[in-house]
Amino acid sequence: MPALACCVDAAAVAPPGYAAFFAGDSSLPSAVPFSASTADAADSNSTHWSPAHSSALYRIDGWGAPYFSVNNAGNITVRPYGTDTLAHQEIDLLKIVKKVSDPKSVGGLGLQLPLIVRVPDVLKNRLESLQSAFESAIQAQGYESHYQGVYPVKCNQDRFVVEDIVKFGAPFRFGLEAGSKPELLLAMSCLCKGNPEALLVCNGFKDAEYIFLALLARKLALNTVIVLEEEEEVDLVIEISKKLSVRPVIGVRAKLRTKHSGHFGSTSGEKGKFGLTTIQILRVVKRLQDSGMLDCLQLLHFHIGSQIPSTALLQAGVVEAAQIYSELVRLGADMKVIDIGGGLGIDYDGSKSGNSDLSVSYGLQEYASAVVNAVRFVCDRKSIKHPIICSESGRAIVSHHSILIFEAMSATAPTTPAMNQVDLPFILEGLSEDARVDCWNLSQAAMRHETESCFVYADQLKQRCVEQFKEGTLGIEQLAAVDGLCDLVSKVVDASEPARTYHVNLSIFTSIPDFWSIGQIFPIVPIHRLDERPEVRGILSDLTCDSDGKIDKFIGGETSLPLHGLEGNGGGSSGGANGRYYLGMFLGGAYQESLGGVHNLFGGPSVVSVSQSDGPYSFAVTRAAPGPSCGDVLRVMQHEPELMFETLKHRAEEFCGQDHGNEGTHAALVSTIARSFHSMPYLVAASPCSLTAMNNNGFYYCNEEDYNAAVDSGASEDEQWSYCYA
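Overview of the structure. The written sequence of each chain sets the order in which its residues are numbered from 1. Given that the model is predicted, a residue must reach a pLDDT of at least 70 before its local features are reported, and side-chain atom pairs must reach 80 or more before they are shown or counted; all residues, however, enter totals for whole chains, interfaces and linings. Only hydrogens and water are set aside; all other atoms, that is, all heavy atoms of the structure, feed into the side-chain values.

## So, the sheet that holds strand β2 (residues 76-78)
Through backbone hydrogen bonds, the strands of a sheet pair up, either in parallel or in antiparallel fashion. Pairing between strands is defined by DSSP: at least two bridges between them are needed. Put simply, DSSP marks the helices as runs of H or I at least four residues long and the strands as runs of E at least two long, and each gets a number from the N terminus on. Reading across from one edge, β1-β2-β3 is the order of the 3 strands in this open sheet, with antiparallel pairing throughout. The sheet is open, and its two edges are formed by β1 (68-70) and β3 (91-92), each paired on a single side.

This is the structure we're talking about:
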């Protein structure tokens, strides 16, 4: 056939158009650098890229307001007091990273990334804003009771987070919600220092020990409410309260018909996991009445799911619950509180949409107004005293105050060859006749700009070549050349730069588990260099040996993220990054720390708390803790690092100690082993270590300084082990 003949003779003379294609015909479209549509909307025609362009590109004003912005240096800043933050009070995240990661010898804290930065001032502002929203709605609508929230500790059980919430919430009688025995114990302990009127709401499935603890909390003058999740729990409450001579305060969780769709609504509705049906509620009322304890029933609780998308759905649920509340009053219960549960959503992608799990179509004020209006409407119609309104808002309280910062260590460079680098005769050599026809058809489709046909022929060609390679009739060099050809054609017809893979010093399973498990998407943004145009797109790949350890979905429905090149970092106005490239994951303060595991034995990040200060850098680090060491995470899996160290030390003595006869070298080796147990599992951000930099009797060190430090630290066994487990 003529086409095949042309391909066969191509080693001498390529057919018309064929040679031009592989030589780089100027009529073909060339690849263009990345230009995002959102950046275009922010004046992409301008030759000057400004922080405002980056703010628009990454939607920072959408999901980040009023707590995050971009300063003139191109760095993300935290506005600790929200809209009330003055310009000089903004906190530069890059300066925090520098302070935390710099060695102690130059005034830093010497902590390793990844890093969680907590800003308690933001936490305080969230509490105050929620309280203010309800107080405003109550006053505007003439509501005759008050709002009194609780924080569900399951969102983030960190000691300092919970203690800060109790402290900041004391003026508002803000309390805690627990769903297990450990959570109940920590809530009891923390509320001993809180407002005595603060509620301690006890949710979750309960056994006798759980109920005993809850009743004990009541005996300790904590304002405890036991919420019945199962009908059988009422018998335990009655029995144990009589034994302890404690008059309990009881609530019931109603299983409403109202529910919302999506992942976060899966526990709501009649088939939800938690709560009592109307039949079960009536049986509980009868059981309490028969025991002379109906007056103990004082709270109605419900939950229609997290991330309630709209106030219309919210009002529907609150109205249904308020009807149940009013019926319980009619039946003789001494009702005082309606607990609307969680569900107050946050806007993860800045879209202000009510049709997605990633966003909500309302703000704090709209939420509070909808709740107050719905409760007031039902109670006024039934001539019932307005109850205390309680909510269990966790995600909305803690999400903003925590920022996960991690480093991109390297990136895969594009491997597509230039047009003049394609060696067609070499590619054709050894190909089957069918593969040569595919190659010819591919070139013709590319010349005609038939994008879909190009992809079909390229895929077909690669498949044929792979089969030949498996059969042993095609060499690896030719297979690689075919791959390069297909990548080149894809680049020419698509006219876009392929996404690079950025390798980040992080475990997604440990620090962003919701992305892996339920597809939750969080805003991820470079925290600096935002005064530079991001020229490439990338996906993020973590350190774990798992194909799921990558982030390839981002806000706005994007499958890649606009990023800067890693070459020459720290230049221009972004100085201070020391040539490193830092990314931040925002709005992750809820659930991520408590859900994270130890996949590949990567532990949690280092953690610092930062408060606004009037000093030269506008912040002060008030608390700092390094992340778990290798020894710490090994203990989690029942290993014993001390015994492991002894085993390795004796092995070193057996195989290394006598061969070289160098006591200093042997001591340095043993010390290095001990130091490995003490270090974090993550990569150390330092200059690349060349294994041939220094060779001392078979032991390799980055440089002479590292070697001397290892020798000095290996003075004795006690010092080695105390260094590891001080």
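Having seen the model, we can carry on.
## So, unusual backbone geometry
The omega torsion of the bond from Ala65 to Pro66 falls at 0°, within 30 degrees of zero and hence cis. Within the element layout of this structure, Pro66 appears in the loop between α5 (60-63) and β1. Omega for the peptide link from Leu113 to Pro114 comes to 5°, which places this bond in the cis form. Structurally, the position occupied by Pro114 is in the loop between α6 (93-101) and β4 (115-118). The phi angle at Arg59 is positive, at roughly 60°, despite the residue not being glycine. Counting through the fold element by element, Arg59 comes out in the loop between α4 (51-57) and α5. Its identity as a non-glycine residue notwithstanding, Arg173 has a phi of 60°, on the positive side. The topology assignment puts Arg173 in the loop between α8 (159-169) and β6 (175-178). Burial status follows relative accessibility: with a 1.4 Å probe on protein chains alone, a residue under 20% of its type maximum counts as buried, one over 50% as exposed, and anything between as partly exposed. The class for Arg173 is partly exposed, based on a relative accessible area of 24%.

## Here we look at the sheet that holds strand β8 (residues 223-228)
With respect to topology, 8 strands assemble into an open sheet ordered β5-β6-β7-β8-β9-β10-β11-β12, the strand pairing being parallel. Two strands close off the open sheet at either side, each with one partner strand: β5 (150-152) and β12 (388-390). Here the average twist between neighbouring strands, direction ignored, is 25°. Pairing of β6 with strand β7 (residues 199-202), which is carried by 3 bridges, proceeds in the parallel orientation. Orientation is described by lines fitted to C-alpha atoms, with helices fitted over the stretch in contact, and by angles between N-to-C directions that extend from 0 to 180 degrees.

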